[in-house]
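Listed here are the chains, written in short residue letters.
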Protein chains: 2
Amino acid sequence: MYRTHTCGELRLANVGENVTLAGWVQRTRKMGGMTFVDLRDRYGITQLVFNQDKDATLCEQANRLGREFVVQVTGAVNERSAKNPNLPTGDIELIAERMNVLNESLTPPFTIEDESDGGDDIRMKYRYLDLRRTCVRKNLELRHRMTMEVRRYLDSKGFLEIETPMLIGSTPEGAREFVVPSRMNPGQFYALPQSPQTLKQLLMVSGMDRYFQIVRCFRDEDLRADRQPEFTQIDCEMSYVEQEDIIQMFEGMAKHLFKELRGVELAEPFLRMPWSDAMKYYGSDKPDLRFGMRFVELMDVLKGHGFPVFDNANYIGGICAEGAASYTRKQIDQLTEFVKKPQVGAKGLVYARVEADGNVKSSVDKFYSQEVLQQLKAKFGANPGDLILILSGDDAMKTRKQLCELRLEMGRQLGLRDKNKFACLWVVDFPMFEWSEEEQRLMAMHHPFTHPKEEDIPLLDTKPEEVRADAYDMVVNGVEVGGGSIRIHDSKLQAKMFEILGFTPEKAQEQFGFLMNAFKYGAPPHGGLAYGLDRWVSLFAGLDSIRDCIAFPKNNSGRDVMLDVPTCLDNKQLDELSLRTVLKASDKEQIQ
Amino acid sequence: MYRTHTCGELRLANVGENVTLAGWVQRTRKMGGMTFVDLRDRYGITQLVFNQDKDATLCEQANRLGREFVVQVTGAVNERSAKNPNLPTGDIELIAERMNVLNESLTPPFTIEDESDGGDDIRMKYRYLDLRRTCVRKNLELRHRMTMEVRRYLDSKGFLEIETPMLIGSTPEGAREFVVPSRMNPGQFYALPQSPQTLKQLLMVSGMDRYFQIVRCFRDEDLRADRQPEFTQIDCEMSYVEQEDIIQMFEGMAKHLFKELRGVELAEPFLRMPWSDAMKYYGSDKPDLRFGMRFVELMDVLKGHGFPVFDNANYIGGICAEGAASYTRKQIDQLTEFVKKPQVGAKGLVYARVEADGNVKSSVDKFYSQEVLQQLKAKFGANPGDLILILSGDDAMKTRKQLCELRLEMGRQLGLRDKNKFACLWVVDFPMFEWSEEEQRLMAMHHPFTHPKEEDIPLLDTKPEEVRADAYDMVVNGVEVGGGSIRIHDSKLQAKMFEILGFTPEKAQEQFGFLMNAFKYGAPPHGGLAYGLDRWVSLFAGLDSIRDCIAFPKNNSGRDVMLDVPTCLDNKQLDELSLRTVLKASDKEQIQ
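Residues numbered from 1 in each chain as written. Chains lettered and ligands numbered in written order. Predicted model: local features only at pLDDT ≥ 70, side-chain atom pairs only at ≥ 80, totals over all residues. Heavy atoms only, no water.

Visitor: Honestly, the overall build of chain A in this entry has me stumped. Any pointers?
Guide: When helices and strands are counted, chain A shows 18 helices and 23 strands. Across its three principal axes, chain A shows a C-alpha extent of roughly 90 × 75 × 55 Å. Within chain A, buried positions represent 58% of all 592 residues. Look at the contacts in chain A between residues 6 or more apart in sequence, and 65% of them connect residues 24 or more apart. Of the accessible surface of chain A, which amounts to about 24200 Å², a share of 47% is contributed by carbon and sulfur atoms. Across chain A, the centroid of the 77 positively charged side chains sits 3 Å from that of the 89 negatively charged ones. (Helix = DSSP H or I, 4+ residues; strand = E, 2+ residues; numbered from the N terminus. Buried < 20%, exposed > 50% of the residue type's maximum accessible area, 1.4 Å probe, protein only. Contact = heavy atoms within 4.5 Å. Areas by Shrake-Rupley, 256 points an atom, 1.4 Å probe, with all protein chains shown as cover. Lys, Arg positive; Asp, Glu negative; His and termini not counted. Charge placed at Lys NZ, Arg CZ, Asp CG, Glu CD.)

Visitor: Got a minute to help me understand the pattern of salt bridges in this structure?
Guide: Once their charged atoms are close, side chains differing in charge can pair, the charge on each being opposite to the other. As enumerated under the stated definition, the model contains 96 salt bridges over all chains in all. Note that Arg216 of chain B and Glu163 of chain A form a salt bridge whose closest N and O atoms lie 3.2 Å from each other. With one member in each of two chains, Arg216 of chain B in strand β9 (residues 210-218) and Glu163 of chain A in the loop between β6 (160-161) and β7 (179-181) form a pair that bridges those chains. In terms of burial, Arg216 of chain B and Glu163 of chain A fall into one category: buried. The salt bridge involving Glu113 of chain B is made with Arg27 of chain B; its shortest N-O contact spans 3.7 Å. Highlighted residues: Glu113 of chain B in the loop between β5 (92-103) and α2 (120-125) and Arg27 of chain B in strand β1 (residues 18-31), separated in sequence by 86 residues. Given a relative accessible area of 37%, Arg27 of chain B falls into the partly exposed group. When salt bridges with common partners are traced through the structure, they connect Arg143, Arg216, Glu230, Asp534 and Lys554 of chain A together with Glu163 of chain B into a single cluster. (Salt bridge = Lys/Arg side-chain N within 4 Å of Asp/Glu carboxyl O.)

Visitor: Would you mind showing me how to read the sheet that holds strand β5 (residues 92-103) of chain A here?
Guide: Backbone-to-backbone hydrogen bonds pair the strands of a sheet. The strands run either parallel or antiparallel. All names here are of chain A. The 5 strands lie next to each other as β1-β2-β3-β5-β4, forming a closed barrel whose pairing is mixed. Across the sheet, the mean angle separating the axes of adjacent strands is 55° when strand polarity is ignored. For strand β1 (residues 18-31) and strand β2 (residues 34-41), the ladder comprises 7 bridges, and the chain directions are antiparallel. In the sheet register, Lys30 faces β2, and the bridge partner there is Thr35. (Pairing = 2+ DSSP bridges. Axes fitted to C-alpha atoms, helices over the stretch in contact; angles between N-to-C directions.)

Visitor: Mind showing me how you'd approach the domain arrangement of chain A here?
Guide: It is common to give the size of an interface as the accessible area that goes away when the parts come together. Each domain of chain A was delimited in the assignment, giving domain 1 (12-103), domain 2 (138-272 + 425-549) and domain 3 (291-417). One C-alpha centre belongs to domain 1 of chain A, the other to domain 2 of chain A; they are set 52 Å apart. (Domains from an automatic or database assignment.)

Visitor: Can you walk me through the interface of chain B and chain A in this structure?
Guide: With 127 residues of chain B in contact, the opposing surface of chain A contributes 127 residues. Counting the surface lost from both chain B and chain A, the interface buries some 11500 Å², and carbon and sulfur atoms represent 59% of this. Considering only the side of chain B, the residues that lose the most area to chain A are Glu163, Tyr240 and Tyr521 of chain B, jointly responsible for 8% of the buried surface there. Taken together, the links from chain B to chain A amount to 12 salt bridges. Linking chain B with chain A are 69 residue pairs in polar contact (both at pLDDT 80 or more), by the criterion used here. (Buried area = accessible area lost by both parts, 1.4 Å probe. Polar contact = N/O pair within 3.5 Å; in protein donor to acceptor, adjacent residues only side chain to side chain.)

Visitor: I keep staring at the pairing of strand β13 (residues 315-321) of chain B and nothing clicks. Help me out?
Guide: The side chains of a regular strand alternate, residue by residue, between the two faces of the sheet. Residues and elements named next belong to chain B. In terms of burial, β13 is largely enclosed, as 7 of its 7 residues are buried. Note that strand β12 (residues 296-297) and β13 share 2 bridges and pair antiparallel. Bridge assignment links Val296 to a residue of β13, and that residue is Gly318. The pairing of β13 with strand β16 (residues 387-393) spans 7 bridges and is classified as antiparallel. Its bridge partner lying in β16, Gly317 is registered against Leu391.

Visitor: Where do I start with the packing of aromatic side chains in this structure?
Guide: The way to describe two aromatic rings as a pair is by their centre distance and the angle between their planes. For the structure shown, the criterion picks out 40 aromatic pairs over all chains. Seen from their ring centres, Trp24 of chain A and Tyr240 of chain B are 5.7 Å apart, and the 70° between their planes marks the pair as edge-to-face. Residue Trp24 of chain A is located in strand β1, and its partner Tyr240 of chain B is located in the loop between β10 (230-239) and α6 (243-262); the two belong to separate chains. Across this residue pair, the class does not change: Trp24 of chain A and Tyr240 of chain B are buried. Plain terms: the ring middles of Phe258 of chain A and Trp536 of chain A are 5.9 Å apart, the flat faces sit at 70° to each other, and that makes the pair edge-to-face. Linking Phe258 of chain A in helix α6 (residues 243-262) with Trp536 of chain A in helix α16 (residues 533-541), this pair joins segments that are 278 residues apart in sequence. Taken as a pair, Phe258 of chain A and Trp536 of chain A share a single burial class, namely buried. An aromatic cluster is defined as three or more aromatic residues linked by ring pairs; in this entry it consists of Phe159, Phe250, Phe258, Phe422, Tyr531, Trp536 and Phe540 of chain A. The ring centre of Phe291 of chain B lies 4.1 Å from the NZ or CZ of Arg407 of chain B, which sits over that ring. (Phe/Tyr/Trp six-rings, centres within 6.5 Å; stacked < 30°, edge-to-face > 60°. Lys NZ or Arg CZ within 6 Å of the ring centre and 35° of its normal.)

Visitor: What am I meant to see in the sheet that holds strand β21 (residues 479-486) of chain B here?
Guide: Residues and elements named next belong to chain B. Here we have 8 strands laid out as an open sheet, ordered β6-β9-β10-β22-β21-β20-β17-β11, and mixed in their pairing. A strand with exactly one partner marks an edge of an open sheet, and here the two such strands are β6 (160-161) and β11 (271-274). Of the pairings in the sheet, the one linking strand β20 (residues 471-476) to β21 comprises 6 bridges and is antiparallel in character. Its bridge partner lying in β21, Val476 is registered against Val479. The strands touched by helix α4 (residues 134-156) are β6, β9 and β10; relative to β9, the strand with the most contacts, the crossing angle is about 150°. Strand contacts of helix α5 (residues 197-205): β9, β10 and β22 (526-532), with the helix running at about 25° to β10, the strand carrying the most contacts.

Visitor: Honestly, the nonpolar core in this entry has me stumped. Any pointers?
Guide: The tendency in soluble globular proteins is for nonpolar side chains to be buried as a group. In terms of nonpolar packing, the biggest core is built from 133 residues, with Leu202 of chain A together with Leu202 of chain B touching the most fellow members. Aside from chain neighbours lying at most four places away, what touches Leu202 of chain B is Tyr128, Phe552, Met562 and Leu563 of chain A together with Phe514, Leu515 and Ala518 of chain B. The next biggest cluster of nonpolar side chains, apart from the first, holds 42 residues, and it includes Cys236, Leu533, Trp536 and Ile550 of chain B. (Core = buried A, V, L, I, M, F, W, Y, C linked by side-chain atoms within 4.5 Å.)

Visitor: Just to check I follow, could you spell out empty space enclosed by the protein for this structure?
Guide: Using a probe with the size of a water molecule, rolled over the atoms, empty space left in the structure can be pinpointed. Under the counting rule described, the total for this entry stands at 10 cavities of 30 Å³ or more. Of the voids in this model, the largest cavity is the one considered here, and its volume is about 370 Å³. In terms of lining residues, the largest cavity is bounded by 25 residues, among which Arg151 and Ile214 of chain A together with Arg151, Glu161 and Ile214 of chain B are the most central. Residues belonging to the lining of the largest cavity are distributed by class as follows: 8 nonpolar, 7 polar and 10 charged. Considered as a void within the structure, the second largest cavity measures approximately 140 Å³ in volume. Lining the second largest cavity are 18 residues, with Arg143, Arg216, Glu230 and Ile550 of chain A together with Glu163 of chain B sitting closest to its centre. Residue contributions to the lining of the second largest cavity peak at 3 residues, all from strand β10 (residues 230-239) of chain A. Residues belonging to the lining of the second largest cavity are distributed by class as follows: 9 nonpolar, 3 polar and 6 charged. (1 Å grid on protein atoms, 1.4 Å probe; cavity = no way out; pocket = protein on both sides within 12 Å on 5 of 7 lines; lining within 4 Å. Points joined across faces, edges and corners; volume = space filled by probe spheres on them. Nonpolar A, V, L, I, M, F, W, Y, C, P; charged D, E, K, R; others polar.)

Visitor: Explain the state of the cysteines to me, please; I cannot follow it from the model alone.
Guide: One way to say it: the disulfide is the covalent bond shared by the sulfur atoms of two cysteines. Residue and element names in this part refer to chain A. Applying the stated criterion across every chain yields a total of 0 disulfides over all chains. Of all cysteine sulfurs, the one in Cys404 lies closest to Cys320, which takes part in no disulfide; the gap is 17 Å. Here Cys320 falls in the buried class, since its relative accessible area comes to 12%. (Disulfide = S-S within 2.5 Å.)

Visitor: Would you mind showing me how to read helix α14 (residues 491-500) of chain A here?
Guide: Residues and elements named next belong to chain A. Taken together, the buried positions of α14 are occupied by Ser491, Leu493, Gln494, Met497 and Phe498. Viewed end-on, α14 has its buried residues packed into an arc of 160°, placing them on one side of the element. In α14, the exposed positions that point more than 90 degrees away from the buried face belong to Lys492 and Glu499. The elements touched by buried residues of α14 are β18 (433-436), α13 (459-462) and α15 (505-518). Of the residues that open α14, the one with a side-chain oxygen 3.2 Å from the backbone nitrogen of Lys492 is Asp490. Two residues or fewer after α14 comes Gly502, characterised by a positive phi angle close to 85°. (Arc of directions from axis to C-beta.)

Visitor: Just to check I follow, could you spell out the relation of the copies chain B and chain A for this structure?
Guide: In this structure, two copies of a chain are linked by a rotation about an axis accompanied by a shift along it. Superposing chain B onto chain A takes a rotation of 180° plus a shift of 0.0 Å along the axis, which leaves an RMSD of 0.0 Å. Look at the turn and shift together and you get a two-fold axis relating the two. With an isologous cut-off of 70% or more, the 100% of interface residues of chain B that recur at the interface of chain A puts this contact in the isologous class. (Least-squares fit on C-alpha atoms with pLDDT ≥ 70 in both.)

Visitor: When you look at the packing of helix α7 (residues 275-282) of chain A against helix α12 (residues 396-413) of chain A in this model, what are you seeing that I'm missing?
Guide: Packed helix pairs are specified by the crossing angle of their axes together with the interaxial distance, meaning the distance between the axes. Residue and element names in this part refer to chain A. Orientation of α7 relative to α12, taken along the N-to-C sense of each, is 65°, at an axis distance of 8 Å. Here α7 lies roughly perpendicular to α12, going by the angle between them. Between α7 and α12, the contacting residues are Trp275, Met279, Lys280 and Tyr282 on the first element and Met397, Arg400, Lys401, Cys404 and Arg407 on the second. Residue classes in the contact of α7 with α12 are distributed as 5 nonpolar, no polar and 4 charged. (Parallel < 35°, antiparallel > 145°, perpendicular 65-115°, else oblique.)

Shown next, in the form of structure tokens:
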């Protein structure tokens, strides 16, 4: 061992001991005949002192140390005269007696500080240096503690962690998959799992009763800020359960994590909201409930008064931003610009201020009498000083989604989205299907293995679009942190589901025959849930992106810029795999 | 919840309670007016009783239950008159009052019993039924408990579990890799990791200090009985350590696992054996030390007495099998056949029996006087009743490996390889390099990142083949359960290593530039180890193959016969990946 203690360990009680530390040079300072070195490791920082008078050679050596040099230092622990109360080791210092430079370092391309001078790109290229920064390392430490707690909780509830294979079959239903050519089976491919969905269901058929796995999943999709081609799921499944059992179990897990990792006691049961209400009142299946501004529908109040935009609308709805009547004309113009952005897509924004005297002044005053505007005010229960913001449109769902964006933006502007406040809820009663314009058919909203609500099963034949599912998502602060469903365990119902989804019996058999076959041998009722580990860690760490809680993330093009992958293979490797790459002219340019 | 208790839970204390169980029908028996059903779940078996007189309809329903039907039964817990002491629930039974058939089952293709009537192939195809067998399920339960204990131990020692990416770059040095085409980077590929070796080293550069990960690894190799294309490693790395620190840490972990999972206290430090001794005395770098039969070299005794085979040999060595002098001529002929098998490759076998009177009788008596044979006996310290078995050959190493096979076979025949006995050792001081006949160059015996022994570094330039490495394997019962090394942390030494291994500087930069670059920014001294999880579980479960401790293993052709993968992709998928498959005629036939 190169050290007797870590750099975060020494206290007043150690004064007088002879110790050896090893770590990285954070900073050196010369003051008079003394040189001070801050030595850093994962556990903390300890001040080393080199005394010119005592040992000129050693002090000279210390003066030559550069940032991030790796050194081993032996000496006596001394009480500091000027203590540093901001540092756990701030009461002591190490009077260096011997030093061994274990490795030198080039000057790092950015400062190893919480507030680094390095931009995103350079920090990603030198991710191994970026990870030395305390603020980044803490995310990985939190991730470790979270997985330990998840396992502790699930183990105590009788769950078994069972590893499912990574090299499985391709299931085109769902997101695009990564495939893996098999050398031993020329011309054939494995696929990497988007989730172990069907495998965990097979484990239920096999009687494992309670399964979990913290497991890597893969999705070859165009990447947005909070997506990665590989991500980690806390994947769970239980037998002989109903929706309520699963909600209880995993609400319990969430509360356990909040308590252990954030010290937050969530005593109350989480709110439950049907999907239809979430859409109606928040325009989203993952509403951020840290703040109000519930949608109010205004067709009855505002339609038919001669304002053509509203008179022609199929939906009029608004939110009331408390205390925002003081918004200037310019601020309101900016909000109008915001909702008109292509990503939001509204045509315009109507506002109404509730003034100090209770009167309402709106941007469409010429169409509405004060009496109507007072009805409007009453609808929201608005008070003097409030600002009502209204959108309308042809399509209720589209307009609600626009209003959702506006609501979130107002929440942000008014400081209502506090990272240290947590609003948890279950969204339940999801529709079983949604219509795909692209595919011109019904698609499974969760996945084809989701159990329809018992009472809606008769509708499968007549009005499938109205069938609700035994499906549920957990939403925290507007982020979907997990979701799941009760699964179908009856092979006939599963076959019917594939039929509604447009599978021929042959296609269903080809892709999911193994599962439907398994259901014929005594499949128990079962259901489960998957939590997104990356999202949970980001949430607890207060991060804006999941990228910062992943040791070596990929960029938006799916590249690891540190490793510089993916790369081309040589022809020998391709031959062994019975493969040829066929590039379009545009791709060839891209590679050069 | 479909149940109030599990099928393994009820005891005498529950008598009189009204309970609901759910599970699988293991067996039904009609006796007089009663029907008995054994109901099974993961937790145990409970006997259900249906009484013809009490409820004829219900009893009739029970009589129609088939094996593996899934039922839910409510009734009162009753004390059995005929108790079953072999069952934890054997004191009670459930007097059924209501039953709900949750799912039916076709007759399973094999019996769901420890001693099943199903062959390997059918059990693999219906693996979800195979997993219902208690003996298979127990392996997965053990695996779960082992990973929990591993994490508990490492967490208590300050290790952080950090996930490293699965989509990384191709590193042709080492086993053959699986590759993954990137849709977003046409013509380019990721590779799946054979191990996170370089990534964990980068984590040490990043100051993570103590890392571990229970991680899936991939190897596209021809598969033997104890190999799988995907397998799981307990991967560990530490900074500021020397070999001794790592050995202490992971010997501690092994002892922890033995104690917690097998109730075996291993008080003594594990034996340590230099690689050269392991080869010399056991012909293997993973000797099975549950029994003796150490090799004795016999050139001095047996050469030059006119027996041409020995006179021309460069190596003569033997083992002494205690008490095996009673082997018949036929048994010895079978041993001779054994060593002459192509997998072993010896030309013949010489034996010498120590008879009751102390005289030695050998198969080559005409060349050797009793005096020489007595010297032979003395060399082994052999006693009356012992059997000496001798091999010879041109090449010492090859002959030792043959003798190793013979030793293991004798250990097996003499019942010395007891699955409940554990002999643990560290093999240390491995050679840094080995000569590859195929590649006609030195190859790294462990991997190119292994640190040479400090005192052997001068030999790198002069006699690289004599350089020993700071590398170590843990061997239990002749199985290599883990191994590791101190790593190079100096970019110049690493560059020299690549040079000796025949890399041009450009090639080294292209493949490992990210690592050598990282070493320039203050890499700490570090080292680590990887344990094979599958092997540990097999060892503790007393399995002959790792396959039985994996939920869904692949067969020797890398196929999952349950999922029926790998499969062909359709052209649309291949187009998106900018790929074409190029099959040889022979491959085409294989697919059809």
